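# Summary of structural features
One letter stands for each residue in the lines below.
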Amino acid sequence: MSSVIKQREPSRLPSKTDAELDRISNLPGHVIDQILSRLPIRDAVRSSVLSRKWRYKWATIPCLVFDNQCFDVSSQDQTFIKNKLVNIIDHVLLLHNGSIHKFKLSHRDLLGVTDIDRWILCISRSSIKEFVLEIWKGQRYKPPSCLFSCQSLIHLELFNCLLKPPLTFRGFKNLKSLDLQHITITQDVFEKLISSCPSLERLTLMNFTGVTHLVIDAPNLQFFDIGGIFEDVSFLNTFHLALVSIGLYVNIDNDENDARDNSSKLLRFFVNLPHIRRLEIQSYFLKYLAMGYVPSRLPNPCVDLNHLSIRIDFDDLDENTAALCLLRSCPNLQELEMLARPEEQASMERSTNFWEDDHWSSLFAHLRMVKVLGISGVKSEMDFIKFLLSNSPVLEQLTVKPVSQEGEWELMKELLRFRRASIYAEIIYLDP
Amino acid sequence: MSEVDMAVIKPEMMKSYIWLQTADGSIQQVEQEVAMFCPMICHEVIQKGMGSSKNYAISLPQRVNPAMLSLILDYCRFHQVPGRSNKERKSFDEKFIRMDTKRLCELTSAADSLQLKPLVDLTSRALARIIEGKSPEEIREIFHLPDDLTEEEKLEPLKNTTDDPRIRLLNRLYAKKRKELKERQKLKNVEVEEERVDDRSVDDLLSFINGDNGDSKGIKTSKSKKKNRRRKDQQKNTSANEVLKTHNKELNGLNSVCCSAEVGQKSRGGVGATSNLNDVEDDIFTSKNELDDGDIDDEIDPALKEKIDREVEDFARRLNSDWPERMQEILSFGHERKPVHFSLNGNGSLRRYANSEQR
């Protein structure tokens, strides 16, 4: 025991060879910053005990991440955790010396406390480039107005927040990536936010409250991922948009809308997406697209579209029509994914084959990979697969996965029988 | 050979080479596309026209020795080929990075001087992986860092997340020792006390406390300080200030000078210029470790206080002897002291907790 304690006394004479062997302490500051930035904040700050030279090396790290790894005391006492976390962050911010480029706060026990306001103020003075705030539980947190004055922001990510920028807010000039999930924001603020960030390239929006009409006016937008409840989506000025993933999380009732508006949602949707490369239509969004008039094919084919994923109810005629229109409008499609939507009530099985082979042999000229998942072996689904197999001359893989074990054998037997246009086609059957 | 001649010959050669010279004077030629992968070399070639012949070899920065250069060129040779998949590159990187720590540091330095950012990223990641999760002692050993922080700086409390009574008592010990050091420091400043180098072991210190009462001012004041302790639960700082206040009075109004020049250390309470060490001990996550339970001041009646103090000193002695034997002793004493603080935590052995024990 005593020997261990003695070890903690400083060695009066650091050996010469030690100084030669120490290669790390004299690395340039920005390199040390890089190394320390890659450590969890605990380890980074702990480096201050290593030696004289290391005492303040951690204080210039540009990247501060406070997450669940921060401290490993799990406790049920909310105030205890809160005090501890607040303490830690207060101290780190105070002792930090230099600009902070990345700040992430995402601790599962942290509620939207007013201390966060203080931290955001501190950071807003520091030319912050990436800001991530995740409030895991509790009420929606409203970030203070100083957050909206951080013009150096390039990436902003908020979870469980209420966005209400000050009236003087003029947008984030440098913002390239915006990720908002579980947020509350009004229609006006949303539109203003999007249109006033001219450099925006990526937009993720999930589970939002307060916006019903998604108007996306973003000239540099390339990536768009949205999931929530809305009534309308329209793209203005989105010439470069290449990746779109949209999920409408509410089942819309088509009959309601018939009287009002017969314009084609489908046409409107694609009119400003000339260069779309990857499209994912999730949840009930296909139903939305099927509203109004659906042409047999789009006037301008999506020549760049090479990956398409659709959540579809094979028994719904409107949805099938919309899907067919889409399939006819992407001549260069390489990957296709059809996900069967599990419907609450079983719709009546149609006796007619919607996917009757109409000699569309040039339909899937480049299609190589197909996945059809979540099917139950009903006629409409099998009709589609049959149609697919006989019209894809360069198909390499078809992956089929049923939703349950019921009727597996029948399904497989049918699959076996289908004609295949491609001699290279493999049919891969995955267990449910 | 003049440069014109070189220019004529070049088209006939399948590859063009760039000449590089390392700090030790040795010159070598490297395929152009490989060498140009390094921004610094690229700059030299394009902006200054260097490197085309042996006489005009590009002098590389001092941090790039021949061994490192060869490694760097291996890296460049692989990565400059455009057709490689991400998977291939990743797998190469992972194998490439396997080397001893010393070389890794040298490589980082060399890559940085050549501005080869991807390689610097790779090596920093590897170094971070080595550092992550290790205790300071381990890190010092791996990187040969001198252990040169002064005792004062190092006497930070240990983390006591499991509320281990042993750690609690040990921390009390440290607190005592810290106070002592501080007092001595102050006394030094006023040139009242004689020079004293504190490299006594904990044992000596405690025997001092127990036995020699009338000697130094420092010890005396620490003892009298005990009387003025207040309980603190979470407000450790305010009571620490209280203690210092009393202490100040006893030293005839000597103001404690903030000796540690900690940049930006928050001093709570604002009692004069309090030394930051004490205040910092519990809450500052940054400096060293967290202290959950560093109660140095308890609001308890004197009798109980003395009992606890005795236990503290006793415990310190135990640090240097065997645990089980002592346990017997305690139990046999029975009424005199209630061994409330000595509940064994499941493991009967007394381990010396290093700084970063709790993970």
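Residues numbered from 1 in each chain as written. Chains lettered and ligands numbered in written order. Predicted model: local features only at pLDDT ≥ 70, side-chain atom pairs only at ≥ 80, totals over all residues. Heavy atoms only, no water.

The name given to chain B in an unreviewed UniProt entry is SKP1-like 21, with the source organism recorded as Hibiscus trionum. The UniProt entry for chain B carries the following text under Subunit (unreviewed entry): "Part of a SCF (SKP1-cullin-F-box) protein ligase complex." Regarding chain B, the UniProt comment filed under Pathway (unreviewed entry) reads as follows: "Protein modification; protein ubiquitination." (UniProt positions renumbered as here; feature names shortened; annotations may be inferred.)

Looking at an unreviewed UniProt entry, one finds chain A named F-box domain-containing protein, with Hibiscus trionum as its source organism.

### Structural notes on the overall build of chain A
Helix and strand counts for chain A stand at 13 helices and 16 strands. For chain A, the residues scored as buried account for 50% of the 432 residues in total. Relative to all contacts within chain A whose residues are 6 or more apart in sequence, the contacts with residues 24 or more apart total 66%. Accessible surface, chain A as shown: approximately 20100 Å² in total, 51% of it carbon and sulfur. (Helix = DSSP H or I, 4+ residues; strand = E, 2+ residues; numbered from the N terminus. Buried < 20%, exposed > 50% of the residue type's maximum accessible area, 1.4 Å probe, protein only. Contact = heavy atoms within 4.5 Å. Areas by Shrake-Rupley, 256 points an atom, 1.4 Å probe, with all protein chains shown as cover.)

### What to know about the overall build of chain B
Per the secondary structure count, chain B includes 16 helices and 3 strands. Counting across all 359 residues of chain B, residues that qualify as buried make up 51%. Considering only contacts in chain B between residues 6 or more positions apart, those separated by 24 or more positions represent 61%. Total accessible area on chain B stands at roughly 17400 Å², and carbon and sulfur atoms take up 50% of it.

### Looking at the pattern of salt bridges
Under the definition given, this model contains 19 salt bridges over all chains. A salt bridge links D383 of chain A to K379 of chain A; its shortest N-O distance comes to 2.9 Å. Taken as a pair, D383 of chain A and K379 of chain A lie in helix α12 (residues 379-389) at a separation of 4 residues, close to a single helical turn. Taking relative accessible area as the criterion, D383 of chain A reaches 11% and is therefore assigned buried. The residue E410 of chain A makes a salt bridge to K413 of chain A at a minimum N-O spacing of 3.9 Å. On the criterion of helical spacing, the pair formed by E410 of chain A and K413 of chain A is a turn pair, its members being 3 residues apart in helix α13 (residues 408-417). Three or more residues joined by partner-sharing salt bridges are found here, namely R23 of chain A together with K102 and E106 of chain B. (Salt bridge = Lys/Arg side-chain N within 4 Å of Asp/Glu carboxyl O.)

### Notes on the UniProt feature "domain: F-box" (unreviewed entry) in chain A
Here the UniProt feature "domain: F-box" (unreviewed entry) sits at residues 21-55 of chain A. Helix makes up 46% of residues 21-55 of chain A and strand 0%, and the two end C-alpha atoms of the span are 19 Å apart.

### Focus on the nonpolar core
The nonpolar side chains of a soluble globular protein tend to be buried with one another. Ranked by internal contacts, the top residues of the largest apolar core, which has 171 residues, are F269 of chain A together with I41 of chain B. The dominant element in this core, judged by the number of residues it contributes, is helix α4 (residues 66-79) of chain B, at 8 residues. Dropping the residues within four chain positions of it, F269 of chain A is found in contact with V233, F235, V244, I246, L279, F285 and L289 of chain A. (Core = buried A, V, L, I, M, F, W, Y, C linked by side-chain atoms within 4.5 Å.)

### Here we look at the pairing of strand β4 (residues 155-162) of chain A
Within a regular beta strand, the side chains point alternately toward one face of the sheet and then the other, so they alternate between its two faces. Residues and elements named next belong to chain A. When you tally the buried positions in β4, you get 6 out of 8 residues, the bulk of the element. Where strand β3 (residues 130-134) meets β4, 5 bridges bridge the pair, whose relative direction is parallel. Each bridged residue has a counterpart across the sheet, and for E134 the counterpart in β4 is F159. Direction of pairing for β4 relative to strand β5 (residues 177-184): parallel, over a ladder of 7 bridges. From the neighbouring strand, L156 faces β5, where its bridge partner is L178. (Pairing = 2+ DSSP bridges.)

### Re the state of the cysteines
Here, the word disulfide means a covalent bond between the sulfur atoms of two cysteines. Residue and element names in this part refer to chain A. A complete count under the given rule lists 0 disulfides over all chains for this structure. For the unlinked cysteine C330, the closest cysteine sulfur is that of C302, found at 6.6 Å. Take C330: its relative accessible area is 2%, and that puts it in the buried class. (Disulfide = S-S within 2.5 Å.)

### Let's talk about the sheet that holds strand β2 (residues 27-31) of chain B
Residues and elements named next belong to chain B. Strand order in the open sheet formed by 3 strands is β2-β1-β3, with mixed pairing between adjacent strands. Of all the strands in the sheet, just β2 and β3 (58-59) have a single pairing partner and so form its edges. The pairing of strand β1 (residues 17-21) with β3 spans 2 bridges and is classified as parallel. The residue bridging L20 from the neighbouring strand is I58, located in β3.

### Considerations on unusual backbone geometry
With phi around 50 degrees, S283 of chain A is a residue other than glycine that occupies positive phi space. Here S283 of chain A lies in strand β11 (residues 278-283). Under the relative-accessibility criterion, S283 of chain A is labelled partly exposed at 22%. Not every positive phi belongs to a glycine, and H144 of chain B is a case in point at roughly 55 degrees. With respect to the helices and strands, the residue H144 of chain B is situated in the loop between α8 (136-143) and α9 (151-154).

### Notes on the packing of helix α6 (residues 101-113) of chain B against helix α7 (residues 117-131) of chain B
Residues and elements named next belong to chain B. Contact pair α6 / α7: the axes reach a minimum separation of 9 Å and the direction vectors enclose 150 degrees. Overall, the two elements α6 and α7 adopt an arrangement that is roughly antiparallel. Taken as a pair, α6 and α7 cross one another with a handedness that is left-handed. Together, T101, L104, C105, L107, T108, A111 and D112 of α6 and L119, V120, T123, A126, L127 and I130 of α7 make up the contact between the two elements. By residue class, the composition of the contact of α6 with α7 is 9 nonpolar, 3 polar and 1 charged. (Axes fitted to C-alpha atoms, helices over the stretch in contact; angles between N-to-C directions. Parallel < 35°, antiparallel > 145°, perpendicular 65-115°, else oblique. Left-handed = near helix turned anticlockwise from the far one by under 90°. Nonpolar A, V, L, I, M, F, W, Y, C, P; charged D, E, K, R; others polar.)

### As for the pairing of β1 of chain B
Two elements, β1 of chain B and β2 of chain B, share 5 bridges in a ladder whose sense is antiparallel. By the bridge assignment for β2 of chain B, L20 of chain B is matched with Q28 of chain B.

### Side note on helix α3 (residues 29-37) of chain A
Within the sequence span of α3 of chain A, burial applies to V31, I32, D33, Q34, I35 and L36 of chain A. Next to the buried residues of α3 of chain A lie α4 (41-46) of chain A together with α6 and α7 of chain B.

### Re the packing of α4 of chain B against α6 of chain B
Residue and element names in this part refer to chain B. Between α4 and α6, the shortest axis-to-axis distance is 10 Å and the interhelical angle comes to 75 degrees. The pairing of α4 with α6 is recorded here as roughly perpendicular in orientation. Side by side, α4 and α6 meet where M68, L71 and I72 of the first sit next to R103, E106, L107, A110 and A111 of the second. Here the contact of α4 with α6 is composed, by residue class, of 6 nonpolar, no polar and 2 charged.

### Observations concerning the confidence of the model for chain B
Residues and elements named next belong to chain B. Within chain B, residue pLDDT values average 65, and 44% of them lie at 70 or more. Scored below 50 in pLDDT, residues 213-299 makes 186 contacts in the model with residues more than four places away or belonging to other chains. The ipTM, which scores confidence in the relative placement of chains, is 0.74 for this predicted complex, and the corresponding pTM is 0.67. (pLDDT = per-residue confidence, 0-100.)

### Observations regarding the confidence of the model for chain A
For chain A, per-residue confidence averages 86 on the pLDDT scale, and residues scoring 70 or more make up 89% of the total. A low-confidence stretch, residues 1-12 of chain A (pLDDT under 50), is modelled with 30 contacts involving residues beyond four sequence positions or located in other chains.

### Concerning the environment of G138 of chain A
All names here are of chain A. By the element assignment, G138 lies in the loop between β3 and β4. The spatial distance from the C-alpha of G138 to the C-alpha of D109 is 9.5 Å, given a sequence separation of 29 residues. Apart from residues lying up to four places away in sequence, G138 is in contact with L111 and N160.

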